[in-house]
Amino acid sequence: MLFKRFDEKAGILNVEARGNIDFWELLDLYKILETDSIYPRKLKILFKAVNIKFDFKVIYNEDLSMAVFDTTKKYEIIKEAFVVEQEFYDSVTTMFEDKFYYENYSFKIFNNLKAAQLWLDF
């Protein structure tokens, strides 16, 4: 499951994955970000996916790419740090980092929470 919490002081949307993550949950996250106007137009996202299991093959998916693209239209900047365990690093990189090239969207994968937090700081 995905749990969202916005930290107003830091200006970061924290998304924490727990247990099994299915593809539709991930897709829905970006659909919600696209339609929800409560977040700042310069959005920082810290996505923590540690001690989880993906219920789908972690590969590039056109639907996910389009959902991210549609979301980027609603924001000036989106900067997203994805923290994963080492075993998922390569597959998540393939799913996101190598395919998403949008002018106002930055994405980086980390296996260290502190490094991800430092990178997110505008």
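Anything mentioned here points back to the structure above.
Everything numeric here is computed off the predicted structure, so don't read it as measured data.

Thresholds, definitions, all that
Residues numbered from 1 in each chain as written. Predicted model: local features only at pLDDT ≥ 70, side-chain atom pairs only at ≥ 80, totals over all residues. Heavy atoms only, no water. Core = buried A, V, L, I, M, F, W, Y, C linked by side-chain atoms within 4.5 Å. Buried < 20%, exposed > 50% of the residue type's maximum accessible area, 1.4 Å probe, protein only. Helix = DSSP H or I, 4+ residues; strand = E, 2+ residues; numbered from the N terminus. Pairing = 2+ DSSP bridges. Salt bridge = Lys/Arg side-chain N within 4 Å of Asp/Glu carboxyl O. Axes fitted to C-alpha atoms, helices over the stretch in contact; angles between N-to-C directions. Parallel < 35°, antiparallel > 145°, perpendicular 65-115°, else oblique. Left-handed = near helix turned anticlockwise from the far one by under 90°. Contact = heavy atoms within 4.5 Å. Nonpolar A, V, L, I, M, F, W, Y, C, P; charged D, E, K, R; others polar.

A. Main features of the nonpolar core. Residues Tyr30, Leu33, Phe47, Phe56 and Phe82 are the most contacted members of the largest nonpolar core, which totals 33 residues. Of all the elements in the fold, those that place two or more residues in this core are strand S2 (12–17), helix H1 (23–35), strand S4 (42–49), strand S5 (52–54), helix H2 (62–72), strand S6 (77–84), helix H3 (86–97) and strand S7 (105–110). A total of six residues in this core trace back to one element, the largest contributor, which is H1. If you look at the next biggest cluster of nonpolar residues, it comprises seven residues, including Ile12, Phe110, Ala116 and Leu120.

B. A look at unusual backbone geometry. Of note, the phi angle at Asn51 is positive, near 60°, even though the residue is not glycine. Note that Asn51 resides in the loop between S4 and S5. Judged by relative accessible area, which is 62%, Asn51 ranks as exposed.

C. Geometry of the pairing of strand S1 (residues 2–7). Pairing of S1 with S2, which is carried by six bridges, proceeds in the antiparallel orientation. Looking at S2, one finds that Lys4 is bridged to Val15. Between S1 and S2, which pair antiparallel and follow one another directly, the connecting turn spans four residues, one of which, Gly11, has a positive phi of 70°.

D. Spatial organisation of the pairing of S4. The buried fraction of S4 is high, at six of eight residues. Where S2 lies against S4, five bridges are found, and the strand directions are parallel. Among the inter-strand pairings, Val15 is bridged to a residue of S4, identified as Phe47. Note that S4 and S6 share eight bridges and pair parallel. Within the sheet, the bridge partner assigned to Lys42 lies in S6 and is Ile77.

E. Representation of the pattern of salt bridges in the model. Taken as a whole and judged by the stated rule, the model has three salt bridges. Taking the shortest distance from any N to any O, the salt bridge between Arg18 and Glu16 comes out at 3.5 Å. Between Asp70 and Lys73 there is a salt bridge whose closest N-O contact spans 3.6 Å.

F. Geometry of the packing of H1 against H2. Running from N to C, H1 and H2 cross one another at 15°; their axes reach a closest spacing of 8 Å. When the interaxial angle is binned, H1 and H2 end up roughly parallel. For the crossing formed where H1 meets H2, the hand is left-handed. Each of Phe23, Leu26, Leu27, Tyr30, Lys31, Leu33 and Glu34 in H1 lies in contact with H2, whose residues at this interface are Asp63, Leu64, Ala67, Val68, Asp70 and Thr71. Residues belonging to the contact of H1 with H2 are distributed by class as follows: eight nonpolar, one polar and four charged.

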